[in-house]
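Residues per chain, in single letters:
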Amino acid sequence: MSTAVLQHDNDDDNEPTLEPTLQTILDQKTLRWIFVGGKGGVGKTTTSCSLAIQLAKHRKSVLLISTDPAHNLSDAFSQKFGKEARLVDGFTNLSAMEIDPNGSIQDLLKEHGQDAGGVDEALGGGMGGMMQDLAFSIPGVDEAMSFAEVLKQVKSLSYEVIIFDTAPTGHTLRFLQFPTVLEQGLAKLSQLSTQMGPMLNSLLGARGGPNLDEIRTKMDGLRETISEVNTQFKNADMTTFVCVCIAEFLSLYETERMIQELTSYQIDTHCIVVNQLLFPKKDNPCEQCNARRKMQRKYLEQIDELYDEFNVVKMPLLVEEVRGKERLEK
């Protein structure tokens, strides 16, 4: 795997010579899924937006999705996005959307309220509530349903490459497990519906709703999609994870934990963006700047040692906020 050439800053010069680049990702035409993640506040959204803009120059269609409940895409592009994909102003092939993992299951229950209500009435009012309680009792079900919704939309919209601006680390790692978890869960449901088929069919038929075969067909369809995505996630030609961090102990610790977990899920990661680096001039009287630079240099050395086979991108702290198309592109 090729790595971008990075020139380390020379302390004898006033200005660092840097080539911050994720060129390897732009060059890898087979990539379909790109995740950008890390600890909160390290610059994930700026990185994912900037990467999406560059990819739009190389690909036919790019979709940028925020799965972070904080939703910063709207702020980054100074344009409102929602749960439907919308073109980013100034682009014909870059779209963005913000999905809320926490609101998804309530929306889905409302959406399919008639079916649930039918079953509920047929069983004297208890079954629908029981199904709802059962659904809510599954750990991470909100994010799982949210993931299923994303897959459904992505499948129908057929974008060439999809970038996820993810929630802070813990949520992201759970999110990446969902294809496997959903696949297993749907297999169990399918098995259960086979065993309880006659009883459920008579209940559903009494209300004139969909029969069990129709429900099972839908479930199997979703399972096939999830299985396909799960296979793609574990294929380094199709999926990669870009870790974003800052040169501080907690961020570095979290990055290491994340890389180990990604490896255990068989998800490729070979790019790290180290953000917000200071490069004070030699004659700079600012004690804080010089002290912080000294601390950052220590952690940069550790990063170079730990991730010598990674493409480590070193980004300077900028003097202005990175908002709007022009600044993100720059």
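Residues numbered from 1 in each chain as written. Predicted model: local features only at pLDDT ≥ 70, side-chain atom pairs only at ≥ 80, totals over all residues. Heavy atoms only, no water.

**Some words on the overall build of the protein chain**
A count of helices and strands for the protein chain gives 13 helices and eight strands. For the protein chain, buried positions account for 45% of its 330 residues. Expressed as a percentage of contacts within the protein chain between residues at least 6 apart in sequence, the contacts between residues at least 24 apart total 77%. By element, 53% of the accessible surface of the protein chain is carried by carbon and sulfur atoms, the whole surface being about 17200 Å². (Helix = DSSP H or I, 4+ residues; strand = E, 2+ residues; numbered from the N terminus. Buried < 20%, exposed > 50% of the residue type's maximum accessible area, 1.4 Å probe, protein only. Contact = heavy atoms within 4.5 Å. Areas by Shrake-Rupley, 256 points an atom, 1.4 Å probe, with all protein chains shown as cover.)

**Describing helix α11 (residues 249-264)**
With 16 residues, α11 should cover 22 Å at 1.5 Å per step; its first-to-last C-alpha distance of 23 Å lies within 8% of that length. Those residues of α11 lying buried are S251, L252, E254, T255, M258, I259 and L262. Here the buried residues of α11 occupy an arc of 160° about the axis, which is enough to place them on one side. Residues of α11 that are exposed and point over 90 degrees away from its buried face: F249, L250, Y253 and S264. Backbone geometry just downstream of α11 places Q266 in the positive-phi region, at approximately 65°. (Expected span 1.5 Å × (residues − 1). Arc of directions from axis to C-beta.)

**Re the UniProt feature "binding site: ATP" (unreviewed entry) in the protein chain**
The feature "binding site: ATP" (unreviewed entry), as given by UniProt, occupies K39, G40, G41, V42, G43, K44, T45, T46, E248 and N275 in the numbering adopted here. Note that G40 resides in the loop between β1 (33-37) and α2 (44-56). Owing to a relative accessible area of 47%, G40 belongs among the partly exposed residues under this scheme. Topologically, T45 is positioned in helix α2. With near-sequence residues (within four places) excluded, T45 lies in contact with N72, L73, A76 and D165. (UniProt positions renumbered as here; feature names shortened; annotations may be inferred.)

**Brief notes about the pattern of salt bridges**
Tallying each qualifying case throughout the model produces eight salt bridges. Its salt-bridge partner being R59, residue E160 comes within 3.7 Å of it at the nearest N-O pair. Residue E160 is found in the loop between α7 (141-157) and β5 (161-165), and its partner R59 is found in the loop between α2 and β2 (62-66); the two are separated by 101 residues along the sequence. Classification of E160 by relative accessible area gives partly exposed; the value is 30%. (Salt bridge = Lys/Arg side-chain N within 4 Å of Asp/Glu carboxyl O.)

**Observations concerning the packing of aromatic side chains**
Overall, the coordinates contain eight aromatic pairs when judged by the stated rule. Ring centres of W33 and F164 lie 6.1 Å apart, and the angle between their planes is 20°; this geometry places the pair in the stacked category. With W33 in strand β1 and F164 in strand β5, this pair connects stretches of sequence that are 131 residues apart. A ring pair is formed by F249 and Y253, whose centres lie 6.1 Å apart and whose planes are at 25°; its orientation type is stacked. Of the two residues, F249 and Y253 both sit in helix α11, four residues apart, roughly one turn of that helix. A residue is classified by how much of its surface remains accessible, and Y253, at 51% relative accessible area, is exposed. (Phe/Tyr/Trp six-rings, centres within 6.5 Å; stacked < 30°, edge-to-face > 60°.)

**Thoughts on unusual backbone geometry**
For S78, which is not a glycine, the phi torsion comes out positive at approximately 50°. Although it is not a glycine, Q276 adopts a positive phi angle of roughly 60°. Locating Q276 in the fold gives a position in strand β7 (residues 271-277). Accessibility expressed as a relative area gives 30% for Q276, which makes it partly exposed.

**Brief notes about the pairing of β7**
Across the seven residues of β7, six count as buried, placing the element largely inside the fold. Relative to β7, strand β6 (residues 239-246) runs parallel, the two being bridged by five bridges. The residue bridging C245 from the neighbouring strand is V274, located in β7. What joins β6 to β7 is α11, and the crossover it makes is right-handed. Across five bridges, the pairing between β7 and strand β8 (residues 311-316) is parallel. Along β8, the bridge assignment pairs C271 with N311. (Pairing = 2+ DSSP bridges. Right-handed = clockwise from strand over helix to strand, strands pointing away.)

**Side note on a negative patch on the surface**
Taken together, E301, E305, D308 and E309 make up a surface patch of like negative charges. Among the secondary structure elements, E305 is positioned in helix α12 (residues 287-306). (Patch = residues over 30% accessible without salt bridge, like charges linked within 9 Å, V, L, I, M, F, W, Y side chains within 5 Å. Lys, Arg positive; Asp, Glu negative; His and termini not counted. Charge placed at Lys NZ, Arg CZ, Asp CG, Glu CD.)

**Here we look at the nonpolar core**
The biggest cluster of nonpolar side chains holds 32 residues, and the ones touching the most others in it are I34, L51 and V242. Ranked by residue count, the leading element in this core is α2, at six residues. Setting aside its immediate chain neighbours within four residues, L51 contacts L22, I25, L26, I34, V36, I163 and V242. Residues W33, Y159, V274 and Y299 belong to the second largest nonpolar core, which totals 31 residues. (Core = buried A, V, L, I, M, F, W, Y, C linked by side-chain atoms within 4.5 Å.)

**A short note on the UniProt feature "binding site: Zn(2+)" (unreviewed entry) in the protein chain**
UniProt's feature table lists "binding site: Zn(2+)" (unreviewed entry) at C286 and C289, given in the numbering used throughout. Note on placement: C289 falls in helix α12. With residues near it in sequence (within four places) discarded, C289 still touches L278, P280 and N284.

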